[in-house]
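Structural description and commentary
Below, each chain spelled out in residue letters.
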Amino acid sequence: MATDAQMQQVAELEVEMMSDMYRRMTNACQAKCIATAFKESELTKGEAVCLDRCVAKYLDVHEKLGKRLTNMSQGDEAALQKIAQQ
Amino acid sequence: MASEQNIQTFRDFLTQYNLVAEQCFTSCVNEFGSRTVNAKEESCANNCLDKFLKMTQRVSQRFQEHQLLNAQANGAAM
């Protein structure tokens, strides 16, 4: 049974993890898309398009891996329950 | 409270998840010709995740073995 305090903690945790993911995504896409020559201050068209696609791909990979992890832990839990029942 | 421990465990799990997602993305996705992840990238990411999990399990096992050996050595010395 989750208490209100626990629900609160989980909600805060989710916000924190979302921020963490956002930070990592920004770092990853900067590394992938932004050249380091810095000849000009504006984003080039290429950089802008790359960033758009990078964000889309990052979120997609993040979600897919999350689903895979969830499936794996559900499989583990089911196996553990089976063992417990024996 | 056991639930504090659970929250901490869950926090660690989520941090690892974010970390592996970042690492696998960085290693596997190298071209941005399109917005969608192709089959090769997806398979690379899946392999990356599986390998990461197996790696952490193995590291944990070896570490525990070392801890055990250390504890035994310390016990014998006393």
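A few points on the structure.

Parameters at a glance
Residues numbered from 1 in each chain as written. Chains lettered and ligands numbered in written order. Predicted model: local features only at pLDDT ≥ 70, side-chain atom pairs only at ≥ 80, totals over all residues. Heavy atoms only, no water. Helix = DSSP H or I, 4+ residues; strand = E, 2+ residues; numbered from the N terminus. Rg over C-alpha atoms; globule rule 2.2 N^0.38 Å. Buried < 20%, exposed > 50% of the residue type's maximum accessible area, 1.4 Å probe, protein only. Areas by Shrake-Rupley, 256 points an atom, 1.4 Å probe, with all protein chains shown as cover. Lys, Arg positive; Asp, Glu negative; His and termini not counted. Charge placed at Lys NZ, Arg CZ, Asp CG, Glu CD. Expected span 1.5 Å × (residues − 1). Contact = heavy atoms within 4.5 Å. Buried area = accessible area lost by both parts, 1.4 Å probe. Salt bridge = Lys/Arg side-chain N within 4 Å of Asp/Glu carboxyl O. Polar contact = N/O pair within 3.5 Å; in protein donor to acceptor, adjacent residues only side chain to side chain. Nonpolar A, V, L, I, M, F, W, Y, C, P; charged D, E, K, R; others polar.

1. Section: the overall build of chain B
What chain B contains, in helices and strands, is two helices and zero strands. For 78 residues, the compact-globule estimate of 2.2 N^0.38 gives 12 Å, and the C-alpha radius of gyration of chain B, at 19 Å, exceeds that figure by more than 25%. Projected onto its principal axes, the C-alpha positions of chain B cover 65 × 30 × 15 Å. A total of 78 residues make up chain B; the buried ones form 26% of that total. Of the accessible surface of chain B, which amounts to about 5,600 Å², a share of 57% is contributed by carbon and sulfur atoms. Counting 7 positive and 8 negative side-chain charges, chain B places the centres of these two groups 6 Å from one another.

2. Focus on helix H1 (residues 4-33) of chain A
Counted at 1.5 Å a residue, the expected span for H1 of chain A with its 30 residues is 44 Å, and the 43 Å between its end C-alpha atoms agrees. Within H1 of chain A, burial applies to Gln 6, Leu 13, Met 17, Asp 20, Met 21, Arg 24, Met 25, Ala 28, Cys 29 and Cys 33 of chain A.

3. Some words on the interface of chain A and chain B
A common measure of how large an interface is: the accessible area buried when the components associate. Residue-level contacts link 29 residues of chain A with 33 residues of chain B. The three residues of chain A that bury the most area against chain B are Lys 32, Lys 57 and Leu 65 of chain A, which together make up 22% of that side's buried surface. Inspection of the chain A/chain B interface yields five salt bridges. When the shortest N-O distance is used, the salt bridge between Glu 41 of chain B and Lys 57 of chain A registers 3.1 Å. Across the chain A-chain B interface, the total number found is 14 residue pairs in polar contact (both at pLDDT 80 or more). Mapped by element, the contributors of at least two residues to the side of chain A that touches chain B are H1 and helix H2 (45-85) of chain A. Broken down by element, the side of chain A that touches chain B gets its largest block of residues, 17 residues, from H2 of chain A. Classifying every residue of the side of chain A that touches chain B gives 13 nonpolar, five polar and 11 charged.

4. Details of H2 of chain A
Because each turn of an α-helix spans 3.6 residues, side chains separated by three or four positions end up pointing in the same direction. Its 41 residues place the ends of H2 of chain A 60 Å apart at the C-alpha level, agreeing with the 60 Å of an ideal helix rising 1.5 Å per residue. Taken together, the buried positions of H2 of chain A are Glu 47, Cys 50, Cys 54, Ala 56, Lys 57, Tyr 58, Val 61, His 62, Leu 65, Gly 66 and Leu 69 of chain A.

5. Quick word on the side chain of Glu 41 of chain B
Note on placement: Glu 41 of chain B falls in helix H2 (residues 39-77). In this structure Glu 41 of chain B comes out as buried when scored by relative accessible area, which is 4%. If we skip the residues at most four places from it in the chain, Glu 41 of chain B touches Lys 57 of chain A together with Cys 28, Val 29, Asn 30, Glu 31 and Thr 36 of chain B.

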